[in-house]
Structure formats: structure tokens, C-alpha cells
Amino acid sequence: MRSRILHSGSMISPEHQTYLERPRINRLFRDAVQCSLVTVSAGAGFGKTQAVYSFLRQYGAVTTWIQLSERDNLGTRFWENFVCTVALRDRRFADWLREIGFPEADDQFTEYLSFLDNKIVPDEKNVIVFDDFHLIEDRSVLQFIRRSVRLPFRNITTILISRVDPDISTIRLLSGGLVFSVSEDDLRFTEEETAQYFQLLGIPLSSQDISSIYNDTAGWAFSLHLIGLSLKKAPPRPHSREAAVAMKLNIFRMIENEIFLVISERLRRFLIRLSLIDRLATDLVSILAEDETLVDEMKKISSFIRYDSYLNAYLIHHLFLDYLRQRQNVLTEEEKRDTYLKAARWCNKNDYKMDAISYYNKAGKYSSIMKIIYYFPLQIPMNQAKFILDIYDNGPVEQLEQFAFYPLQRSRLLVSLGRYAEAVAENNDLIRKYSALPGSDFNNRVLCGAYLALGFIDYFTLPRTDRCSFDALLEKADHYYQLSPYSESGPVTNISLDAWASKVGTARSGAMEEYIETLTRAIPHMVNVLNGCMYGLDDLAGGEFQFHRGNLKMAERFIRQALFKAEARNQYEVRNRALFYLLRIGVAQGDFERIQGLLKDLEAQLKMNEYGARFITRDIVSSWLYLTLGQPQLVSNWLKGNFEQGSLAIFKANFGNCVRAKFYYVNKKYEELLSFLASGQTPEVLFGKLEMKVLEALCEYQIKNRGASLLALREAYDLALSNDLTMPFIEWGKDMRTLTAAAMRDGNCAVPRQWLELINRKAATYAKRLAFVISEYKRANNLEEEYDTALSPREADVLHDLYHGLSRPEIAAAHDLSINTVKMVLSSLYTKLGADNVADVIRISLDRNLIKR
């Protein structure tokens, strides 16, 4: 079986092939890959990459080869490199990885690990190679590689190729004998291998010559290669010292004499231009050459430049590349700029966005950088935002300020870095400055951007400020937009939403209505200025509010309208959240047929390639449903791990954590869930606060901390009261019915009994409808029913009497119980059996053999 090698770079030439396939080296690596980590450390020219590559071509493994460069010292750029390499084999998995982003934090790496766990075939050997590891200094990238080295998969081997011994913590692996080191001495040619190499090249050398070359080169592969090139042109006289003298020449001088001065001037300049670029894809090389005869001439230098069929790219040997880079000063500024521009366009087209930004920066093409950022998610990852902001801060101010939307771009970057006050101050200064100037297209667009930025800041900080003024700011932005419209080449579809459409953080009466009214006024302006952005969000917010109040029919009307609008303008996040609420309504109404249709609609979003978060949000919504249906094993693995560190800026974290919290509760991980709830990382939005407080009450009750449970229930009641929010309680069905029943029995409970009775009754109804949905789901999926119908002695007695036709008063008298107690026992039986009346109770009990006839 030949290995499938997919990588972002490596070097092996036909001449190198002879000495890379040394049996001794292959045996060494065959032993090495039985370990979890292999380190290959040697100086330049020792054939590290060639040796590994040659072995893996013959070894039966799925290999992912990551060629690192100094540019990979930025987490987002490294991740682009990593993901694009994975895409060569599995584009869908790569899209998934692109969605989760660079896994810098612990919880993000856990998420990555769970995705990987789903892809790894247990009996299939996998090798991950990080080549030129010595170039990496960035803490976050090093941490990712360190964690990758310690992956808990016995069938994965990580190989680190480096010019120095990797500085990586592997104590646990070392103690387990799971690390194998290949050193410079291992890679050196022996004297016998040196003789075999020159024999294969067809160069006749005496034993004395071989010994002399071996002693002078110390088995250094690259020097042997150069000597071979030299001696092929001028074979040595017998027993001469010419070979040894050739070895002692300066390496760069040898490259110059043997390669550079031999080729045409046109090819020399072309190769130096190529040294400006990191990624030499074949189509990019053709674009830069503008003449395929030049590419054909380049291919003849196969000793130093080779075509990599796995990557579809050309690769230049490190030492030759160093030589070329030292001669970049011969290029004119126009040649450099042309090279950078063509490379930037290619990178942008092929999803290497950070490289594209870097090359556009070198070319001084800031308008193109801004266009790339225009299509970034509104919330830009912090290290990416810092990288771009540094470009702007170090760029020519007078040139940047020629672009009307430069201030808006700066604001997005500042907000992504959490520097809200700085962004507000800058935009207020712009408004004061440009409002005093005569109207012009440029001035109007600056003002449009400034008001747009302030409107977004006001919107996203609303949970903390309780200030609903973003509509007036967005109206101002729209005003200046109408005066001087601008055009972009597509709708804005990448606005990330939180788990909730609402941004209200306070329980203040009327705050929710005020927010929805403000949002309704703001959305038309947003749609105008940003070509459809957030269309339908106001309807979604209205439906969400009615859902939380338990007005399901009214909620559905709003949400279906939001869904219609979102699909009309490709607002994928609005569509996803609308489907989420429709699923919840379907469960609450016991409508399994509708739920099935909605699941198909949810799966359809995976075909919407423009939707960057399509896999993640599908996983979150479907996992919520699986947990509700009592199928926790079907929850996506990445949602079973640690909680993400959520904040105002990290919307996916809040959405995912809501489902993680439900998973923890369903799996009885109450203490861990309570620790998260006490961590201060819970949502700031009112609906999120309420949902987490309800969970706290349920958890405390499950661990028999009744006092803390009733206190949390009271706090949840206080959060819900002024807006009459009930569904966050009702959706917990049977468990909420049990908790409210306990609260009613407790004389010290501060929650009004009338409210407790209402929630108890509605939670019981929800539980019955959920039981029906679960039953239908199991029937549709050929799952065996697993009945949780263990009855208490009192429930068994009451059931026995019902079967024998006794009335409630007769049952009460027979067991010395009150009528209310009998009613409570009956209610419990209804819930456990999913029954609607006494006849259902008897029928279901007979089916499950709960009644002795």
C-alpha cells in the first residue's frame, strides 16, 4: 500500500532520491513511527526532509505534511496553512476546521480534538509532519503543536523536522518511551554509503578519493551532492585531491558557479522574484512567468527546484533559496511590487487570506486589504485583528486616509480587540471633523462609516449599557449612504449572532419591547447600508420574546416571517436561529412530523458554502434536539468537552455553552456544571442569564442542596417576572415539575405558590408531549423503547386502585391520604407514563406490565 502524502511543502530531487532510500535510514524510521513523537534534528543540508519524505512514500500511512515558515508565527496564518493542507484530502473536514478557527484556548483545542476524533479511522496509521519547526517562535502556535504531539490516539505519529533540537515539553511521552529522536549523526552518510552514492552517479573514484571526501564532508549530504555536480563536469584525475578541494569551496560560491551563472539572465531574475514568495503553486508560478518556456527552463534545475505532485507546487531547496534571497536587491521596486500583487491576488482567490493581506501590504495596495476585511466576519479573531491593525498603524497615514472606509475598518479591528472606548473616541472625532466640512462623496462615506461603527458598538454593548440608541446612529449612517451610495460585490452574510436575537441584559419591565422596537427601526437602515445584513432579525427577536413568554402560536408567526426574510437575503445566522426556535416549538407542541421536516431544513444549510459557520451551528442545534430526545450519545463530540470562555465578543461560545450546559445536566455532571455557572463566564443577555439560573436551581436540587435550589429558583423567578418569561422553566418538563412540587411543599419558599402551580402544570404538559415525540422518534429510527417507569410504592398503590375502578376519594380513604395528595400522585403517573387521562394511564400500564391482573 502506498502512503497518501498530502503536504504543504517538502524537498526531494531525482539526484537526492539515490541516497535518501538508504536501507539503514528506512529501518530507522520504521522503528521511529511506532512512537507518538519523532524528532528529526540536524543542520541545513543533512537531508532531513528528504529522508522523511522518501520513507513515507513507501510506508502505508495517511500523511499530512505541514511546511512551516516564519509567516506561521501568526496563529491565523498558521491555521490557514494547516486547513488548506487538510483540504487537499478532505474539503468538508477542512471547512469544519476553518469554522472553529485557530484553537488557541484549551476549550477550542478540545473542540478541535473532538472533530479529529470523528475523522480518525482506528486501524489506519496517520502521520503528521511539521517541517522546519525551528522557525516557529509564536507561543500560541507552539502550544498547538505541543498539544498535537500529545494527541490521545495510538495510531497517530507526529514528526517534527528541525535544524535544532525541538524545545517541546514531552516529559509524559518520554517517560512512556513514546519519543524517538533522529539526530544529525544518524543522517550522515557512512563511508560505504558515500561510495555507493558516487557509484550510482557514474563517477569513478578511488578508495583514497572516497575516504578523503568522506573525511572532509563528515557525511554531509548537501556537500556530497555539490561535489557530485562538480565532478560530473570535470572528472578527477586518479588519486587527486580535486574532490576534497571542491568540498572546501564556499557553498554559495559553488551554487553561483555551478547553477546561477550557467542559466539565462531572464531565469536568474525570475528565480529571485520567486524567492519573494512563500507558496509557489504551479498556477501562480505560471502567472509570474508569463511565458511557459521560462518555466520549462526552470524545471531543468531539478537538483534545487522540483515539482511536488501532491501539492501541485514547486519547491526550492533551503540553501538555494537563501542564496536567491541575498540577491533580491537586484530587483527593481516595480518588479517586487508586481510580484507581490500577483501573489496577493492568487492567495486571496485560493483562501490564503492572511498571506494575501501580507503581500498587498508589501505592494502598498491598502484598498485591496480593506476589501478582504470587508468580507471577514464582523468579529475578527484577536490575533488576526492585531496583525491587520499593526499593518494600518505602520502604514503611510496620508495614503490610508485617502480611503473613506479606512476609519470603519479601524473601528472593527479595535472592537475585535475589545478597545471599545478607543473606537468610540476615534469615530466621534471623525464626526466632529467631517460634519464641519463641505459635503462630498468622500466626506459622506467617512461619516457613514463612523455612524455605522458607533451603531454597531452601541448594539453589541447593549447587554452592559442598557442603552437603546443604535437605531438613531444607523439612521444617520443610512442618511449619508443615500447621499453617496457605494457598491460592493455581494450581500453581507457573515454577521455572527449570539445564541439569542435579543441583546437585552436587564430584567427591567419594558426593556424587551423597547429593544424590539429599536431593532425594528434599525434593520431597514442596516439592510440598505450593508446590502441585506441582519434582514429578518427584528422578526426573530419578536418571535423569540413571545416564545420565552410561552405564546407559541404568536412566536411561530414572527419566526416564520424571519425565516422567509433570511432566506431571501442569505442571512444564514438568522435562518439557523429561526430553525432552532421552530424545533423548540415543535417539541413543545408534540409535533414530531414537523420536527422531521425542520431537521431536513437544518441539514440543508450544510450545502450553503457561503455560510462559514454552517457545520458548527448545525451541530449546536441538532445536539440540543438529541439531548431533549434523550439521545446524549448523538451529541457532537466537541460539545461534550469543557466550556468555552465566552464573552460579549464570542457569540459561538455562548451558543455552544448553552448546549454543553444541557449535556452536563443530562449526564448528571452537576458539580462541574455548577462550577461553570459560578465562574462568571455565563451570558450577559437576559435570556441567557435566566436559562443558566434555572439550571443552577435544578442542579442544586439534584445534589439535594434544597436551600440553594430554592434560592436559585427565586432568583430565576425575579429575572422572569417583569417580562412574564415562562418557557425557560417549562422546557425542563419532568424535572421542573418535580422542583416546583418540592417548592410548593416547602413552607419557606419565597416564590408565589400561584406561579409555581402554573409552571408545574405547564411543565407536566410539556413532559407529556415530549414523551410522545421521543416515542415517535424511536419508532421512526427503529430504537427499542427504554421505559423509565419505576414507580414508588404509593404510585403503585394508586395505580392498582385505579385499575380496579376506585374513585379519587375512595383511594384517599383506602390509604389515609388527602385528596390533594392523590391528585399529586396521579399527576406524577401522567408524567412518567406520558398519559393524558386515566384511561391512558391504565392502557400504558398494562402494555408495560406495571399492573398485576
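Source: prediction; values computed, not measured.

> When you look at the overall build of the protein in this model, what are you seeing that I'm missing?
The secondary structure content of the protein amounts to 45 helices and 8 strands. Counting every position in the protein, which comprises 853 residues, the buried fraction comes to 58%. Long-range contacts, defined here as pairs at least 24 residues apart, represent 72% of the contacts in the protein between residues at least 6 apart. For the protein, the accessible area works out to roughly 35,700 Å², and carbon and sulfur atoms hold 50% of it.

> Looking at this structure, how should I read empty space enclosed by the protein?
One way to see where empty space is left: roll a probe the size of a water molecule over the atoms. Applying the stated criterion across every chain, the model contains 5 cavities of 30 Å³ or more. Here the largest cavity is characterised by a volume of approximately 280 Å³. Lining of the largest cavity is provided by 16 residues; of these, Arg584, Trp624, Cys658, Glu691 and Glu731 occupy positions nearest its centre. Residue assignment for the lining of the largest cavity shows that the elements contributing at least two residues are α32 (572–588), α35 (651–666) and α37 (686–702).

> Would you mind going over the pattern of salt bridges with me for this structure?
Side chains that carry opposite charge are capable of pairing whenever their charged atoms lie near each other. Summed over the entire model, instances satisfying the criterion amount to 44 salt bridges. Across the salt bridge formed by Arg268 and Glu265, the nearest N and O atoms sit 3.2 Å from each other. Residue Arg268 and its partner Glu265 are located together in helix α15 (residues 265–274), separated by 3 residues, close to a single helical turn. Within the structure, one salt-bridge network assembled from shared partners comprises Arg71, Asp72, Arg77, Asp278, Arg279, Arg325 and Asp355.

> Which parts of the structure should I look at to understand the packing of helix α42 (residues 793–803) against helix α44 (residues 819–833)?
When two helices pack together, their arrangement is given by the angle between their axes and by how far apart the axes lie. Between α42 and α44, the shortest axis-to-axis distance is 10 Å and the interhelical angle comes to 90 degrees. Between α42 and α44, the crossing angle belongs to the class labelled roughly perpendicular. Listed contacts from α44 to Arg794, Glu795, Val798, Leu799 and Leu802 of α42 are Thr821, Val825, Leu826, Ser828, Leu829 and Lys832. Partitioning the contact of α42 with α44 into residue classes produces 6 nonpolar, 2 polar and 3 charged.

> Which parts of the structure should I look at to understand helix α3 (residues 48–58)?
The periodicity of an α-helix, 3.6 residues per turn, causes residues three or four places apart in sequence to face the same way. Counted residue by residue, α3 has 9 buried out of 11 residues, so it is predominantly covered. Where α3 is concerned, the buried positions are Lys48, Thr49, Gln50, Ala51, Val52, Tyr53, Ser54, Phe55 and Leu56.

> Would you mind showing me how to read the confidence of the model for the protein here?
Residues shown with low pLDDT carry predicted positions that ought not to be read at fine detail. When the pLDDT values of the protein are averaged, the result is 85; 90% of them are 70 or greater. Residue range residues 1–20 is modelled with pLDDT below 50. Its contacts to residues more than four positions away, or to other chains, number 89 contacts. Scored below 50 in pLDDT, residues 646–650 makes 14 contacts in the model with residues more than four places away or belonging to other chains.

> Help me understand the side chain of Asn657, please; the structure alone is not making it clear to me.
Note on placement: Asn657 falls in helix α35. Taking the relative accessible area as the measure of exposure, Asn657 reaches 4% and is therefore buried. Polar side-chain contacts of Asn657 include one of 3.1 Å to the side chain of Arg660.

> Even after reading the chapter, I still don't get the pairing of strand β2 (residues 37–41), so can you show me in this structure?
Successive residues of a regular strand alternate their side chains across the two faces of the sheet. Along β2, 5 of the 5 residues are buried, which leaves the element largely enclosed by surrounding structure. Both faces of β2 are covered, namely the face carrying Leu37, Thr39 and Ser41 and the face carrying Val38 and Val40. With 5 bridges joining them, β2 and strand β5 (residues 156–162) adopt parallel strand pairing. Counterpart to Thr39 in the pairing with β5 is Leu160. Looking at chain direction, β2 and strand β6 (residues 179–182) are connected through 4 bridges and run parallel.

> Honestly, the environment of Gly45 in this entry has me stumped. Any pointers?
When you line up the elements, Gly45 lands in the loop between β2 and α3. On the basis of relative accessibility, which here comes to 11%, the residue Gly45 falls in the buried class. Residues Gly45 and Leu319, 274 residues apart in the sequence, show an inter-C-alpha distance of 7.4 Å. Apart from residues no more than four positions distant in its own chain, Gly45 is found in contact with Trp220, Ala221, Phe222 and Leu319.

> Please explain the side chain of Thr628 as it appears in this structure.
Residue placement: Thr628 occurs in helix α34 (residues 614–628). A relative accessible area of 9% places Thr628 in the buried class. Contacts of Thr628, omitting those with residues within four sequence positions, involve Val587, Lys662, Tyr766, Leu770 and Ile774.

> Explain the packing of aromatic side chains here, please?
Where two aromatic rings form a pair, the distance of their centres and the angle of their planes describe that pair. Under the criterion given, the structure shown has 41 aromatic pairs. Centroid distance Tyr197 to Phe198: 5.3 Å. Interplanar angle 65 degrees. Geometry classified as edge-to-face. Each member of the pair, Tyr197 as well as Phe198, carries the same accessibility label: buried. With centroids separated by 6.3 Å and ring planes inclined at 55 degrees, the aromatic side chains of Phe470 and Tyr515 adopt a geometry described as tilted.

Procedures and definitions
Residues numbered from 1 in each chain as written. Predicted model: local features only at pLDDT ≥ 70, side-chain atom pairs only at ≥ 80, totals over all residues. Heavy atoms only, no water. Helix = DSSP H or I, 4+ residues; strand = E, 2+ residues; numbered from the N terminus. Buried < 20%, exposed > 50% of the residue type's maximum accessible area, 1.4 Å probe, protein only. Contact = heavy atoms within 4.5 Å. Areas by Shrake-Rupley, 256 points an atom, 1.4 Å probe, with all protein chains shown as cover. 1 Å grid on protein atoms, 1.4 Å probe; cavity = no way out; pocket = protein on both sides within 12 Å on 5 of 7 lines; lining within 4 Å. Points joined across faces, edges and corners; volume = space filled by probe spheres on them. Salt bridge = Lys/Arg side-chain N within 4 Å of Asp/Glu carboxyl O. Axes fitted to C-alpha atoms, helices over the stretch in contact; angles between N-to-C directions. Parallel < 35°, antiparallel > 145°, perpendicular 65-115°, else oblique. Nonpolar A, V, L, I, M, F, W, Y, C, P; charged D, E, K, R; others polar. pLDDT = per-residue confidence, 0-100. Polar contact = N/O pair within 3.5 Å; in protein donor to acceptor, adjacent residues only side chain to side chain. Pairing = 2+ DSSP bridges. Phe/Tyr/Trp six-rings, centres within 6.5 Å; stacked < 30°, edge-to-face > 60°.

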